[in-house]
Amino acid sequence: MIDTKDVIAMKVPYPSINSGMALLAHMYICRDHHENSYEFVKCQTLKPYMLTHNPMRHFIDEIPDITRNPFRRLTRIDCDKIFSTFSVSYADGMKTASRPDICDELYGSIEEQLVLDGYENNEVNEEMLKQLNPLIN
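Residues numbered from 1 in each chain as written. Predicted model: local features only at pLDDT ≥ 70, side-chain atom pairs only at ≥ 80, totals over all residues. Heavy atoms only, no water.

**A short note on the layout of surface pockets**
Thinking step 1. Estimates place the volume of the largest pocket at around 270 Å³.
Thinking step 2. If you trace the largest pocket, you find 13 residues lining it, with A25, M27, Q44, T45 and R73 closest to the centre.
Thinking step 3. Of all the elements in the fold, those that place two or more residues in the lining of the largest pocket are β2 (26–34) and β3 (37–45).
Thinking step 4. Of the residues forming the lining of the largest pocket, the biggest block, 3 residues, is contributed by β3.
Thinking step 5. In terms of residue class, the lining of the largest pocket is made up of 6 nonpolar, 4 polar and 3 charged. (1 Å grid on protein atoms, 1.4 Å probe; cavity = no way out; pocket = protein on both sides within 12 Å on 5 of 7 lines; lining within 4 Å. Points joined across faces, edges and corners; volume = space filled by probe spheres on them. Helix = DSSP H or I, 4+ residues; strand = E, 2+ residues; numbered from the N terminus. Nonpolar A, V, L, I, M, F, W, Y, C, P; charged D, E, K, R; others polar.)

Now the structure itself:
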């Protein structure tokens, strides 16, 4: 079972099933979990263009550190939006292998950034999500 602070890899049909987020798996941190309701924040490798032209207002850049996170590269955590699902379940096999979660300090920093000015809540099309990820039921 996936729980708060766990990190999973999945493909998300956002904004559509043909988008980059649907074609390649990205890491997502579980922000919140209650019964079948989940909220995730997206993580991605920090790219050079993000240093000069960053579309995100609120984010955290996190260096790889097994004591804090499972990332293998410098990673940008997007704190402008969350992705929500309400009726699917995520298999444990989706968790990252090196470390299944993030530390409490990083989780607290993400929460601080999310609530600064609010965030966009994106409800994920769960049927498409299941099509893209065999470990989601």
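**What to know about the pairing of β3**
Thinking step 1. Burial analysis of β3 places 7 of its 9 residues in the buried class, the great majority of the element.
Thinking step 2. Looking at chain direction, β2 and β3 are connected through 7 bridges and run antiparallel. Note that in β3 the partner of D32 across the bridge is E39.
Thinking step 3. Hairpin connection from β2 to β3: 2 residues lie between these consecutive antiparallel strands, with E35 at a positive phi of about 50°.
Thinking step 4. Sheet topology note: the β3/strand β6 (residues 81–85) ladder contains 3 bridges and is antiparallel. By the bridge assignment, Y38 is partnered in β6 with T85.
Thinking step 5. Here 3 bridges tie β3 to strand β5 (residues 75–78), and the two strands are oriented antiparallel to one another. (Buried < 20%, exposed > 50% of the residue type's maximum accessible area, 1.4 Å probe, protein only. Pairing = 2+ DSSP bridges.)

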